[in-house]
Amino acid sequence: EAQVTQNPRYLITVTGKKLTVTCSQNMNHEYMSWYRQDPGLGLRQIYYSMNVEVTDKGDVPEGYKVSRKEKRNFPLILESPSPNQTSLYFCASSSAQGERNIQYFGAGTRLSVL
Amino acid sequence: GEDVEQSLFLSVREGDSSVINCTYTDSSSTYLYWYKQEPGAGLQLLTYIFSNMDMKQDQRLTVLLNKKDKHLSLRIADTQTGDSAIYFCAESPRGDYKLSFGAGTTVTVRA
């Protein structure tokens, strides 16, 4: 089954404690992306990757890091989380073939930073 | 997202039609999308429309695109309780894999 898998689904942590949210897709997609969703703001892109070892900043990259060492994985790293990073995070992937840019989303990771 | 605007809430009676409206700003957008987010779940693509089309129908869903006014709408016929969700409008500028999302419209279906 084609899917984007994020882990964990829920996470409560404290300010300053490094954490990683994993994302994996099994569709051999080139493009992967991280978004955060906040009430009234919709989804805002944090980072994206066009392919292995190619990453770039989205609209709200401050406080986040990513890596793309393998095509299927695109982890999101918070080196020193702060309470303003409490949010719902989504990973998405899409194929670079064709123009339709249909993005497939993971189920989301709800993060609370205390 | 600042470039895509939607109203935040819509309440509709079961069996009626729902119409969700969206305005976007990037005239180079090749495709425009509607995503649905059910409680506790990720986003699921509902439908999309190519920018050279005016209308697309898919079962109970009708998408209308007014490119001149940069206005997109989603009509859901015979709205059911299972249609209660947040609906996001999104645009994809030509040559860019980033999607710009609206803030989402929360649709509540009442009996």
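Residues numbered from 1 in each chain as written. Chains lettered and ligands numbered in written order. Predicted model: local features only at pLDDT ≥ 70, side-chain atom pairs only at ≥ 80, totals over all residues. Heavy atoms only, no water.

Novice: Help me understand the overall build of chain B in this model?
Specialist: Counting its regular elements, chain B contains 0 helices and 11 strands. When the helices and strands of chain B are listed from N to C terminus, the series reads β-β-β-β-β-β-β-β-β-β-β. Relative to the globule expectation of 13 Å for 111 residues, the C-alpha radius of gyration of chain B, 13 Å, shows essentially globular dimensions. If one aligns the C-alpha atoms of chain B with their principal axes, the spans along those axes are about 45 × 25 × 20 Å. Burial status across chain B gives 46% buried among its 111 residues. (Helix = DSSP H or I, 4+ residues; strand = E, 2+ residues; numbered from the N terminus. Rg over C-alpha atoms; globule rule 2.2 N^0.38 Å. Buried < 20%, exposed > 50% of the residue type's maximum accessible area, 1.4 Å probe, protein only.)

Novice: Even after reading the chapter, I still don't get the sheet that holds strand S7 (residues 61–66) of chain B, so can you show me in this structure?
Specialist: Within a sheet, each strand pairs with its neighbour through backbone hydrogen bonds, oriented either parallel or antiparallel. All names here are of chain B. Ordered in space as S1-S3-S8-S7-S6, the 5 strands form an open sheet in which the pairing is antiparallel. In this open sheet, the two strands that pair with only one neighbour each are strand S1 (4–6) and strand S6 (55–58). With direction set aside, neighbouring strand axes in the sheet form an average angle of 15°. Pairing of S6 with S7, which is carried by 4 bridges, proceeds in the antiparallel orientation. By the bridge assignment for S7, Gln57 is matched with Thr62. (Pairing = 2+ DSSP bridges. Axes fitted to C-alpha atoms, helices over the stretch in contact; angles between N-to-C directions.)

Novice: For this particular structure, what's the right way to read unusual backbone geometry?
Specialist: Cis geometry is found at the peptide bond from Asn7 of chain A to Pro8 of chain A, where omega equals -5°. Structurally, the position occupied by Pro8 of chain A is in the loop between strand S1 (4–7) and strand S2 (10–13). For Gln59 of chain B, which is not a glycine, the phi torsion comes out positive at approximately 55°. Structurally, Gln59 of chain B can be placed in the loop between S6 and S7.

Novice: Looking at this model, I keep getting lost on the interface of chain A and chain B. Mind explaining?
Specialist: Many authors give the size of an interface as the accessible area that is lost as the parts come together. Listed per partner, the contact involves 25 residues of chain A and 21 residues of chain B. There are 0 salt bridges connecting chain A and chain B. If you look at where chain A meets chain B, you find 3 residue pairs in polar contact (both at pLDDT 80 or more). The set of elements that each furnish at least two residues to the side of chain A that touches chain B consists of strand S4 (31–38), strand S5 (42–51) and strand S9 (87–94) of chain A. For the side of chain A that touches chain B, the class distribution of residues is 11 nonpolar, 10 polar and 4 charged. (Contact = heavy atoms within 4.5 Å. Salt bridge = Lys/Arg side-chain N within 4 Å of Asp/Glu carboxyl O. Polar contact = N/O pair within 3.5 Å; in protein donor to acceptor, adjacent residues only side chain to side chain. Nonpolar A, V, L, I, M, F, W, Y, C, P; charged D, E, K, R; others polar.)

Novice: Would you explain the environment of Lys57 of chain A in this entry?
Specialist: Residues and elements named next belong to chain A. Looking at the element boundaries, Lys57 is found in strand S6 (residues 54–57). Between the alpha carbons of Lys57 and Ile46 there is a distance of 6.4 Å; along the sequence they are 11 residues apart. Ignoring any residue separated from it by four or fewer positions in sequence, one finds Lys57 in contact with Ile46, Tyr47 and Tyr48.

Novice: Explain the side chain of Ser49 of chain A to me, please; I cannot follow it from the model alone.
Specialist: Residues and elements named next belong to chain A. Along the chain, Ser49 turns up in strand S5. Polar side-chain contacts of Ser49 include one of 2.9 Å to the backbone oxygen of Asn51. In this structure the side chain of Ser49 is engaged in a polar contact, spanning 2.7 Å, whose partner is the backbone oxygen of Val54. If we skip the residues at most four places from it in the chain, Ser49 touches Glu30, Tyr31, Met32, Val54, Thr55, Arg68 and Phe74.

Novice: In this structure, what is going on with the pattern of salt bridges? I would like to understand it.
Specialist: Two side chains bearing opposite charge may form a pair once their charged atoms approach each other closely. All names here are of chain A. Counting across every chain of the model gives 9 salt bridges over all chains. Salt-bridge contacts for Asp38 lead to Arg44; the nearest nitrogen and oxygen are separated by 2.8 Å. Judged by its relative accessible area of 25%, Arg44 is partly exposed. One network of salt bridges, in which partners are shared, links Lys18, Lys65 and Glu79.

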